[in-house]
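Structure at a glance
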Amino acid sequence: MTARALTRTVVSLMAVASLAAGCTPMAEKRPAGIERLYVFNCGESRTTDVSRWSPGVNVGQPWEFSNNCYLIRHSKGLLLWDTGFSDAVAAMPEGLVAAGGALRARLPKALAAQLAELGVKTTDVSIIAFSHFHPDHAGNANLFPVATLYIQETEYEAAFGPTPQKFGFQPATYDKLRANPVVKLKGDQDVFGDGSVVILSTPGHTPGHQSLLVRLPKTGAVILSGDMVHFESNWTNRRVPSMNFNSAESVKSMDRVAGVIAQYNAQLWINHDKTQSARVPKAPQYLE
Ligand SMILES: [Zn+2]
């Protein structure tokens with residue numbers, strides 16, 4: 001058997017195996033261009049009452065949240081997903097009081113410094129995308145003046161419309177983005193065209209909230225939650241925080257993501273779940 005014939009046989013056997021396993025050949029196809037995923041600690045926060053995020057449950061109980069940023073190295077460029085709390089917080093010894101006094105946030109190391117340790121300048125980032133515009137995700141948006149912004153049109157309109165505060169946004173953290181090139185989305189988007197990095201529309205927490213499906217060659221598929229859900233028990237019980245923009249859409253988005261998890265056999269990485277985040281290796285380590 002020639003090498004080419006052998007390759008054909010192996011490929012067709014793989015196709016049979018994937019069909020037998022109930023997977024579509026599409027879902028089995030390995031994305032070509034994605035290389036690495038770095039995770040950064042982009043803040044730690046503490047609340048005195050977690051029930052703001054789980055109405056009626058654990059009332060008056062303190063809770064600690066993680067907050068991550070994610071850098072994807074793809075052969076076509078660097079994509080940064082979320083930017084955490086503003087780097088200014090790193091210089092505040094007592095931290096920042098946020099969410100109307102409900103949270104105290106700290107930032108152990110500025111994001112720009114964490115990127116620099118990898119040899120990445122903020123101007124090297126070619127694509128920037130946010131799960132949403134709350135200040136714990138868009139806090140450093142203004143640091144990336146040349147990146148192309150990928151955002152849902154509804155989120156963009158809320159952020160740059162007449163009443164951004166109504167949605168809990170703080171324009172001072174992201175107002176320079178007005179000058180960035182922008183791709184306004186009306187749903188999902190395959191960012192690099194090879195299926196490796198796909199923005200998933202998951203509205204509810206904010207009008208145009210989005211999550212990110214990342215399909216890594218060795219690690220497999222991972223979904224970066226954004227604030228589609230804040231911690232594991234809210235996911236299991238489909239609980240919606242009191243501050244969410246739309247409760248029904250929030251539950252629909254969770255159900256939708258559950259379908260994507262099943263389709264790609266994906267892991268769900270819940271951004272603000274401290275226990276779960278502690279298990280994820282942080283930069284300069286990376287996942288492939
Ligand atoms: Zn958040």
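Residues numbered from 1 in each chain as written. Predicted model: local features only at pLDDT ≥ 70, side-chain atom pairs only at ≥ 80, totals over all residues. Heavy atoms only, no water.

Attention shifts here to the environment of E249. Note that E249 resides in helix α6 (residues 247-264). Along the chain, E249 and P203 lie 46 residues apart, while their C-alpha atoms are 6.1 Å from each other. Those residues in contact with E249 that sit more than four places away from it in its chain are P203 and G204. (Helix = DSSP H or I, 4+ residues; strand = E, 2+ residues; numbered from the N terminus. Contact = heavy atoms within 4.5 Å.)

This brings us to the pattern of salt bridges. The final tally for this structure, using the stated rule, is nine salt bridges. Among the salt bridges present, the one from E117 reaches K109, with a minimum N-O distance of 2.7 Å. With a shortest N-O distance of 3.2 Å, K218 and E288 are connected by a salt bridge. Here K218 is found in the loop between β11 (210-216) and β12 (220-224), whereas its partner E288 is found in the segment after α7 (274-277), with 70 residues between them in sequence. Residue class for K218 comes out exposed when judged on its relative accessible area of 67%. E288 gets classed as partly exposed once you look at its relative accessible area, which sits at 31%. (Salt bridge = Lys/Arg side-chain N within 4 Å of Asp/Glu carboxyl O. Buried < 20%, exposed > 50% of the residue type's maximum accessible area, 1.4 Å probe, protein only.)

Right, let's get into the sheet that holds strand β2 (residues 63-74). A sheet is described by the order of its strands in space; here eight strands give the open sequence β4-β5-β1-β2-β3-β6-β7-β8, paired in mixed fashion. Two strands bound the open sheet, and with one partner strand each, they are β4 (96-98) and β8 (182-185). Averaged over neighbouring strand pairs, the angle between their axes works out to 25° when direction is ignored. For β2 and strand β3 (residues 77-81), the ladder comprises five bridges, and the chain directions are antiparallel. (Pairing = 2+ DSSP bridges. Axes fitted to C-alpha atoms, helices over the stretch in contact; angles between N-to-C directions.)

This part is about the side chain of N234. Note that N234 resides in helix α5 (residues 232-237). Of note is the side chain of N234, whose polar atom sits 2.8 Å from the backbone oxygen of W53. Look past the residues within four positions of N234 in its chain and what remains in contact with it is W53, S54, V229, R239, P241 and M254. (Polar contact = N/O pair within 3.5 Å; in protein donor to acceptor, adjacent residues only side chain to side chain.)

What follows concerns the nonpolar core. L71, F130, F133 and Y174 are the most contacted members of the largest nonpolar core, which has 28 residues in total. Contributing elements (two or more residues each) for this core: β1 (34-47), β2, β3, α3 (111-117), β7 (148-152) and α4 (153-160). Ranked by the residues each element gives to this core, the list is headed by α4, at four residues. Once residues lying within four places of it in the same chain are set aside, the contact partners of L71 are R36, L37, Y38, F40, L78, L79, L80, L115, L118, V120 and V125. (Core = buried A, V, L, I, M, F, W, Y, C linked by side-chain atoms within 4.5 Å.)

Burial analysis of β7 places four of its five residues in the buried class, the great majority of the element. Strand direction decides the pairing type here: β7 and β8, joined by four bridges, are parallel. Each bridged residue has a counterpart across the sheet, and for Q152 the counterpart in β8 is L185. Handedness of the crossover is the feature at issue here: the chain leaves β7, passes through α4, returns alongside β8, and the resulting connection is right-handed. (Right-handed = clockwise from strand over helix to strand, strands pointing away.)

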